[in-house]
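# Topology and contacts: notes
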Amino acid sequence: MRGAKKFKGSRVKGFKSLFTIHYSLFTVFLLFTIHCSLLPAYADDNPLNMMRDEVLSYFKPMKGRIKSISNGSAVADIGIKSDVKKGMRFTVFREGTPFLHPVTKEPIGLLETVTGKAEVRDVGSDTSAIVILKGDVKESDRIRVPETGVRVLFYHRRNVDWSLADSYYRLLKDSGRFELMDTALETDSDAEVIAEAKRLNADVALILSAKEAGGDNLLMQRLLWVDNSVKFAEIETKVPFAFMKEVKFGEEFFGPQKIDVRLYVDLPFGVRLIASGDIDGDGKAEILLSTGKDVRFYMSGGELSRRYEIKGAAMDDHLRLDVMDLNKDGRDEVLITIMKDEKIISRIYELRDDKFSVLWESNVFLRRMGNELIAQAYTAGEGYRGPVFTVIWKDGYKKGGNLSLPNDVNIYDFVYINESDGRRLILAYDDAGYLNLYDDGKRIWRSAEDYGGFLTKFKRPAPTVMTDRGEWAIKDRLSMQNREVFVIKRVPLVGMAKGMGYGNSQIRSLWWTGISMEERVVVENISGTVLDYALEGDRLIVLDRPSFGLKVGNIFKGESPLGSVLYIYSLKGR
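The notes below deal with the structure included here. (Residues numbered from 1 in each chain as written. Predicted model: local features only at pLDDT ≥ 70, side-chain atom pairs only at ≥ 80, totals over all residues. Heavy atoms only, no water.)

## Here's the deal with the overall build of the protein chain
Assigned secondary structure in the protein chain consists of seven helices and 36 strands. Evaluated residue by residue, the protein chain yields a buried proportion of 49% over its 574 residues. A separation threshold of at least 6 residues defines the contact pool for the protein chain, and within that pool the share at least 24 residues apart is 53%. (Helix = DSSP H or I, 4+ residues; strand = E, 2+ residues; numbered from the N terminus. Buried < 20%, exposed > 50% of the residue type's maximum accessible area, 1.4 Å probe, protein only. Contact = heavy atoms within 4.5 Å.)

## Structural notes on helix α3 (residues 162-174)
With 13 residues, α3 ought to run about 18 Å at 1.5 Å a step, and its terminal C-alpha atoms sit 18 Å apart, in line with that. Along α3, the residues classified as buried are Trp162, Ser163, Leu164, Ala165, Asp166, Tyr168, Tyr169 and Leu172. Phi turns positive one or two residues past the end of α3, at Gly176, with a value near 75°. (Expected span 1.5 Å × (residues − 1).)

## Thoughts on the pattern of salt bridges
Scanning the entire structure with this criterion turns up 43 salt bridges. Its salt-bridge partner being Arg157, residue Asp190 comes within 2.7 Å of it at the nearest N-O pair. Residue Asp190 is located in helix α4 (residues 190-199), and its partner Arg157 is located in the loop between β7 (150-156) and α3; the two are separated by 33 residues in the primary sequence. By relative accessible area, Asp190 is classed as partly exposed at 25%. Note on Arg157: relative accessible area 9%, which makes it buried. Asp322 is the salt-bridge partner of Arg477, the closest N and O atoms lying 2.8 Å from each other. Residue Arg477 is located in the loop between β29 (471-474) and β30 (479-481), and its partner Asp322 is located in strand β16 (residues 317-324); the two are separated by 155 residues in the primary sequence. (Salt bridge = Lys/Arg side-chain N within 4 Å of Asp/Glu carboxyl O.)

## Quick word on the sheet that holds strand β20 (residues 364-369)
Read across the open sheet, the four strands follow the order β20-β21-β22-β23; overall the sheet is antiparallel. The outermost strands of the open sheet, each flanked by one partner alone, are β20 and β23 (397-402). Taking each pair of neighbouring strands and ignoring which way they run, the sheet shows an average axis angle of 40°. With four bridges joining them, strand β22 (residues 383-393) and β23 adopt antiparallel strand pairing. When the sheet's bridge partners are listed, Ile392 is paired in β23 with Lys398. (Pairing = 2+ DSSP bridges. Axes fitted to C-alpha atoms, helices over the stretch in contact; angles between N-to-C directions.)

## Overview of the sheet that holds strand β12 (residues 273-277)
One open sheet accounts for four strands, arranged β12-β13-β14-β15; its pairing is antiparallel. Looking at the sheet topology across the chains shown, the edges are occupied by β12 and β15 (306-310). Geometrically, the sheet is characterised by an average inter-axis angle of 20° between neighbouring strands, direction not taken into account. Summarising the sheet, strand β14 (residues 295-299) and β15 pair through four bridges and their orientation is antiparallel. The residue of β15 that forms the bridge with Val295 is Ile310.

## Points about the packing of aromatic side chains
Per the stated rule, a full pass over the model turns up 23 aromatic pairs. Here the aromatic rings of Phe365 and Trp472 are separated by 5.9 Å at their centres, their planes lie at 75°, and the arrangement is edge-to-face. Taken as a pair, Phe365 in strand β20 and Trp472 in strand β29 lie far apart in primary sequence, 107 residues in all. Of the two residues, Phe365 and Trp472, both sit in the buried class. A centroid spacing of 4.8 Å and a plane angle of 70° characterise the contact between Trp393 and Tyr397, whose relative ring orientation is edge-to-face. Chaining the aromatic ring pairs together yields one cluster made of Phe365, Tyr378, Tyr384, Tyr412, Phe458 and Trp472. The positively charged end of Arg446 is found above the aromatic ring belonging to Tyr434, 3.9 Å away from the centroid. (Phe/Tyr/Trp six-rings, centres within 6.5 Å; stacked < 30°, edge-to-face > 60°. Lys NZ or Arg CZ within 6 Å of the ring centre and 35° of its normal.)

Structure follows, in structure tokens:
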């Protein structure tokens with residue numbers, strides 16, 4: 001394996017590794033079997049099956065004949081009894097002379113010439129009224145819906161649950177009737193979807209959207225012919241909440257949700273940090289991924305495509321990655337805090353002429369806090385030192401004032417909660433992993449449980465091996481959006497100590513009502529260890545290392561199972 005270290009006593013280590021892999025695969029197989037055994041619960045009334053069947057009904061292969069024609073319209077000799085539907089399209093062809101077997105000279109068919117295209121406008125029991133869209137069509141010409149695959153652009157709006165959209169995409173694909181195409185486009189404009197479909201040479205655009213309906217999900221799909229933008233079918237289906245939970249059940253171990261393939265990328269195993277921002281000022285956010293020493297920039301959409309890179313040194317160890325436009329030039333700066341040779345270095349980069357330049361560097365920790373940039377000093381071996389202070393832009397990056405924080409609250413521990421009466425509460429992690437809410441320095445709330453510990457920790461040096469001076473840690477990201485604070489919750493593997501491995505993770509949100517702290521799960525049962533997350537508009541981007549470090553889906557596809565996984569969720573309409 002590339003990059004693997006060599007160990008002495010490799011036979012014993014190899015046996016342990018082999019046992020771990022076999023155990024992991026057995027566990028995965030067992031869970032996969034359980035998941036499959038539960039799927040038939042909705043087999044007879046699966047709302048997605050009903051939607052798929054409705055779409056298929058417009059492309060059912062069939063044949064007929066033109067009975068009569070007048071002024072661009074015609075009558076065909078097939079109707080409802082033959083499953084003809086309004087909006088269907090036929091290829092029109094004319095039968096010619098027979099063609100013969102080259103040896104026996106027996107007739108084996110008739111030569112056919114395509115003469116036009118027609119669309120059904122009205123349907124009777126045994127006949128249909130059709131309009132000629134193009135071509136020189138005559139009475140007695142044949143019509144048919146071909147058996148060849150239909151080229152369909154599958155587009156779902158951002159208000160559609162990712163797991164639901166992906167399940168439906170797979171159902172359509174597995175029917176074998178369609179050549180499905182997707183796109184990185186994000187728009188609410190039908191015209192833009194149609195333009196993209198034309199670019200991809202699609203015949204049909206399928207546009208999926210959703211809205212809430214009494215606690216359930218109302219899924220709506222529209223089918224449009226690409227050449228003239230005409231909508232020929234609109235289908236609404238209620239998706240019960242119970243079905244939504246069942247769709248997601250199989251992801252409890254394989255991943256939190258089946259995400260659209262265009263938003264999935266095989267990430268390097270060492271990827272640990274993520275951020276999202278408009279780095280080049282084009283109005284579109286890029287996804288930033290830190291491998292620990294390099295930062296790579298990807299376009300957010302489709303199969304993530306790499307655009308830029310900040311190359312680090314071999315000994316760099318990234319501790320924090322953020323973005324913000326502090327100098328107000330329309331482009332987000334990149335903020336990186338690095339541990340190198342037991343020193344802390346923070347740098348601010350900006351993209352200029354397709355190259356990154358260092359605008360500022362200092363031996364402090366750095367972090368974005370809402371619309372502010374804050375920093376804190378460092379003492380080798382000890383961790384954080386002194387007050388947290390602001391960094392401001394005034395014809396350059398300059399030190400601002402100190403923040404008033406509770407004792408032992410450091411730069412990465414906290415987030416502000418602004419009250420309507422002007423008070424500024426502080427929600428902060430303690431070293432044990434619990435969350436605490438402070439009002440004017442006084443703690444007024446503490447979480448009932450810890451959130452699973454932290455991934456990046458450093459032991460303080462001690463004068464003897466018998467002395468333990470404890471650890472200092474880089475706490476997990478706390479981000480505020482619309483008064484919700486997003487936090488990571490990690491659940492250790494059964495029977496293992498905290499920090500020895502995590503069975504699954506969650507993204508939770510906390511909401512202070514003024515009286516109590518409301519907590520809910522935003523994303524549950526994310527396999528393995530969530531490393532970091534980013535909020536970008538109404539999207540939640542989660543960086544995850546699957547259980548046992550394996551991407552189980554890749555095992556079944558015959559691909560490399562090692563790596564991290566990127567999941568993107570819509571927060572719209574929650």
